Amino acid sequence: MRIFYVTLKYTAVTLWSMFIIAPFLWALSTSFKDFNSVTGGATYIPWVDFEPTLEGWRVLLRSPAQGGVNIVEPYLNSIFVTCMASFVSIVLGTLAAYALSRFTFKAGFIKNDDITFFFISQRIMPPVVLAIPFFIMLGKLGLLDTLLGLVMVYVVLLMPIAVWIMVDFFNKVPIEIDETALIDGCNPYQAFFKVVLPNSIPGMVVAGLFCMIFGWTDFFFAFILTFTEVQLLPVAIVSLNSSITPWWSLSAAALVSVAPLVVVAFIVERYLSKGNLSGALK
Amino acid sequence: MTLAASNLTIERKDEFYLNNISFEMSPGKIYTIIGRTLSGKTTLLKTIAGLISQDSGKLTFNGNDFDIIPVWKRQVAMVYQQFINYPHLNVFENIAFPLKQRKLGKEEINDRVKQAIEQVGLVGFEGRKIQALSGGQQQRVALARSLVKNANILLLDEPLVNLDYKLREQLREEFKKIFSSKASEEAILIYTTTDPVEAMQLGGEVIVMDEGKILQQGSAKEIYENPITTKVAEITNDPAMNLFKGEIKGKKIKLNSKIELSLPKHFKDLTDGHYTFGIRASGITLAKSGFPFQIELAEISGSETFLHLGQGQVHVVGLLDAVKNFDIGETVSVIFDIEKLYAFGSDGILMSSPYSGTK
């Protein structure tokens with residue numbers, strides 16, 4: 001019976017893994033194809049079903065004048081904007097979340113939960129509602145089509161995610177840890193930086209990962225708020241499209257764009273899988 | 001060096017967390033605060049630590065206003081009932097934390113941490129992560145961190161409540177030894193518990209709290225022998241003291257139409273009338289020529305059996321000094337040791353006790 005369950009378990013895991021990995025393998029295979037290989041029926045194995053070519057990848061590095069779309073600059077722009085916006089969102093979001101979790105605010109009928117909801121409500125509105133105000137504000141500030149402008153917009157969009165995750169995280173951190181730090185001689189700032197913050201890394205990693213995913217994959221604001229000076233990766237990938245859809249270079253671009261998130265996920269995986277707070281309070 | 005509170009009051013949403021609390025505590029003693037959950041024990045400790053500010057009243061230490069000193073500058077240490085430690089630090093770093101905050105020299109920190117580790121029996125665990133320790137070991141770390149500070153006031157908020165029975169017994173003994181040496185070092189130790197046995201075992205001065213008020217303060221022996229109200233009698237006994245209404249008429253105590261007890265000597269000065277009588281479980285047992293009671297529940301506890309007994313309106317808990325199974329509803333013959341009876345007035349105030357007679 002045990003063998004049956006083990007077999008069942010491994011079969012299920014294998015099938016699920018294939019389900020997850022299959023699109024990536026498909027994209028990888030397609031990225032090495034050319035027009036004929038893509039349109040000439042289903043082909044799977046390079047050198048057997050089709051002759052692999054690097055053309056799809058070369059297009060990503062050629063300049064538009066050479067008939068390509070150089071994604072190096074948009075790639076670096078995306079990394080800069082996503083990292084900066086995520087970093088600022090995490091820093092501000094963590095501080096705001098700590099305050100919302102530990103202190104009681106009351107202004108008329110507005111209390112802590114309402115303030116938390118105000119942050120989250122930024123994400124409830126459809127992006128198109130925010131697009132025009134953002135466009136006008138950045139225009140007035142002279143920040144349209146600039147990296148700084150994009151970072152500011154993304155901070156507004158990502159910070160609610162950070163606040164939401166971190167408020168929930170801090171609510172689960174026993175307040176007695178903060179109190180013990182105070183009793184042990186820390187002033188409130190030292191208690192936060194020396195005790196609370198080091199133990200909040202798992203929450204910050206989760207919040208940071210979500211911010212990076214949302215920031216990295218956004219197309220709408222990257223498209224609306226940029227013209228010629230600055231271009232982010234999702235917009236550059238879309239510009240690959242033409243009258244004949246170049247599936248080979250689109251697949252290569254898709255793999256390249258997913259790569260940073262995969263790398264980040266692998267790096268922070270150990271923080272995601274185990275909470276560092278066990279042992280704070282048994 | 002005295003810690004004194006006068007009329008400490010904390011009220012939130014029409015509910016008193018502390019209600020006119022006054023006391024004076026001197027060094028070299030263990031003060032055990034006993035009370036049920038939500039009686040205000042933790043609130044009082046947090047107020048002393050400076051984590052909560054009272055609405056009114058005054059707290060002084062050595063005659064100086066304690067309220068104006070922020071928590072991180074008070075010479076106070078505290079151990080919580082949850083095992084609170086810093087998960088990102090190992091055992092040594094956890095214990096050294098308060099000393100590093102005081103910016104003491106490396107050598108002094110090492111010496112004092114080593115001493116504290118020896119005191120709580122954690123030698124060899126210095127480099128371990130907190131998560132790798134058992135509950136008892138984690139609580140030892142928390143205790144070591146509080147001891148290493150050499151604080152003037154050591155607050156222990158039900159430190160053993162989350163441990164299993166055996167470990168609790170073991171640590172209680174160890175803690176008692178540590179506390180005795182700590183108390184002799186001129187520190188004020190305040191220990192809270194809900195367990196009457198623990199309160200009595202620790203000895204020292206016992207403070208009984210309920211609904212934010214101090215009901216009684218005195219030595220463990222004094223509280224045991226003369227609980228001044230029915231509430232104190234309930235809180236300081238496990239199982240709670242049996243309390244039942246009855247009447248003294250002639251030379252008899254009448255509990256109901258079927259139960260009449262002789263008047264014990266220490267009740268001789270009580271006038272006829274209605275009283276609330278109290279007797280501990282150990283004063284009620286089974287014997288051949290007793291009153292018929294029905295078994296409502298029988299709980300085996302170690303080598304004894306607690307019997308929940310009922311007859312009409314009278315419901316009591318008795319103690320059988322043996323392990324025996326009973327059927328629920330079974331009729332047994334019960335006797336009351338009248339020499340162990342207490343009498344309380346209609347207002348719940350102690351009128352007569354077996355130890356000091358009629359008040």
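Residues numbered from 1 in each chain as written. Chains lettered and ligands numbered in written order. Predicted model: local features only at pLDDT ≥ 70, side-chain atom pairs only at ≥ 80, totals over all residues.

This part takes up the overall build of chain B. Within chain B one finds eight helices and 21 strands. Counting only C-alpha atoms, chain B reaches 75 × 45 × 40 Å along its principal axes. Among the 359 residues that make up chain B, the fraction classed as buried is 43%. Of the contacts made within chain B by residues no fewer than 6 positions apart, 67% connect residues no fewer than 24 positions apart. (Helix = DSSP H or I, 4+ residues; strand = E, 2+ residues; numbered from the N terminus. Buried ≥ 20, exposed ≤ 12 C-beta atoms within 10 Å, placed from the backbone. Contact = placed C-beta atoms within 7 Å.)

As a further point, take the interface of chain A and chain B. Counting residues at the interface gives 21 residues for chain A and 24 residues for chain B. Looking at the side of chain A that touches chain B, the element that brings in the most residues is helix α8 (residues 175-183) of chain A, giving six residues. Class assignment of the residues belonging to the side of chain A that touches chain B gives a composition of 10 nonpolar, seven polar and four charged. (Nonpolar A, V, L, I, M, F, W, Y, C, P; charged D, E, K, R; others polar.)

A few words on the sheet that holds strand β19 (residues 342-344) of chain B. Residue and element names in this part refer to chain B. Spatially, β13-β12-β11-β14-β19-β20-β21 is the arrangement adopted by the seven strands of the open sheet, whose pairing is antiparallel. The open sheet has two edge strands with one neighbour each: β13 (260-262) and β21 (357-358). By the bridge criterion, seven bridges tie strand β11 (residues 242-249) to strand β14 (residues 273-279) in an arrangement that is antiparallel. Bridging across to β14, Gly-246 finds its partner in Tyr-275. (Pairing = 2+ DSSP bridges.)

This part covers the confidence of the model for chain B. Here chain B shows a mean pLDDT of 91. Residues at 70 or above account for 99%. Mean pLDDT values for the elements of chain B range from 72 in β21(B) up to 97 in helix α2 (residues 91-101) of chain B. (pLDDT = per-residue confidence, 0-100.)

Residues and elements named next belong to chain B. Ordered by their spatial adjacency, four strands build an open sheet running β17-β16-β15-β18, and the pairing between neighbours is antiparallel. Two strands bound the open sheet, and with one partner strand each, they are β17 (314-320) and β18 (331-336). Here the average twist between neighbouring strands, direction ignored, is 50°. Inspection of the sheet shows strand β15 (residues 284-301) paired to strand β16 (residues 304-311) by seven bridges, in the antiparallel sense. Bridge pairing links Ala-298 to Leu-307 in β16. (Axes fitted to C-alpha atoms, helices over the stretch in contact; angles between N-to-C directions.)

What follows concerns the domain arrangement of chain B. All names here are of chain B. According to the domain assignment, chain B contains domain 1 (3-235) and domain 2 (242-358). A straight line from the C-alpha centre of domain 1 to that of domain 2 covers 37 Å. Every contact between the two is made by eight residues of domain 1 and, on the other side, 11 residues of domain 2. Sorting elements by how many residues they give to the side of domain 1 that touches domain 2 places helix α8 (residues 230-235) first, with three residues. (Domains from an automatic or database assignment.)

To continue, consider the packing of helix α3 (residues 106-119) of chain B against helix α4 (residues 135-148) of chain B. All names here are of chain B. It is the contact of α3 with α4, at a shortest axis distance of 9 Å, that shows an interaxial angle of 135°. Classed by the angle they form, the pair α3 and α4 counts as oblique. Here the hand of the crossing between α3 and α4 comes out right-handed. Here Arg-112, Val-113, Ala-116, Ile-117 and Gln-119 of α3 come into contact with α4, specifically with Ala-144, Leu-147 and Val-148. Tallied by class, residues from the contact of α3 with α4 come to six nonpolar, one polar and one charged. (Parallel < 35°, antiparallel > 145°, perpendicular 65-115°, else oblique. Left-handed = near helix turned anticlockwise from the far one by under 90°.)

Attention now goes to the nonpolar core. Residues Ala162(A), Ile95(B), Ala144(B) and Leu155(B) are the most contacted members of the largest nonpolar core, which totals 159 residues. Each of domain 1 (3-235) and domain 2 (242-358) of chain B gives at least three residues to this core. Each residue touching Leu155(B), except ones within four places of it in the same chain, is listed here: Leu45(B), Ile48(B), Ala49(B), Val76(B), Ala77(B), Met78(B) and Ile190(B). (Core = buried A, V, L, I, M, F, W, Y, C linked by C-beta atoms within 7 Å.)

With 17 residues, helix α10 (residues 201-217) of chain A extends 24 Å from end C-alpha to end C-alpha; this agrees with the ideal 24 Å at 1.5 Å per step. Listed in full, the buried residues belonging to α10(A) are Gly203(A), Met204(A), Ala207(A), Gly208(A), Leu209(A), Cys211(A), Met212(A), Gly215(A) and Trp216(A). (Expected span 1.5 Å × (residues − 1).)

This brings us to α8(A). Counting buried residues in α8(A) gives eight out of nine residues, a clear majority hidden from the surface. Listing the buried residues of α8(A) in full gives Glu176(A), Ile177(A), Asp178(A), Glu179(A), Thr180(A), Ala181(A), Leu182(A) and Ile183(A). Packing partners of the buried residues in α8(A) comprise α4 (72-102) and α9 (188-196) of chain A together with α1 (41-49) and β6 (76-79) of chain B. Directly after α8(A), the chain includes Gly185(A), whose backbone phi takes a positive value near 110°.

Looking now at unusual backbone geometry. Leave glycine aside and you will find that most residues have negative phi; peptide bonds, for their part, are mostly trans. Residues and elements named next belong to chain B. Cis rather than trans, the peptide bond between Asp-238 and Pro-239 has omega equal to 0°. Along the chain, the position of Pro-239 falls in the loop between α8 and β11. Located in the positive-phi region is Leu-38, a residue other than glycine, with phi close to 65°. Relative to the assigned elements, Leu-38 resides in the loop between β3 (29-35) and α1. The phi torsion at Glu-158 lies on the positive side, around 45°, for a residue other than glycine. Here Glu-158 lies in the loop between β7 (153-157) and α5 (165-184).

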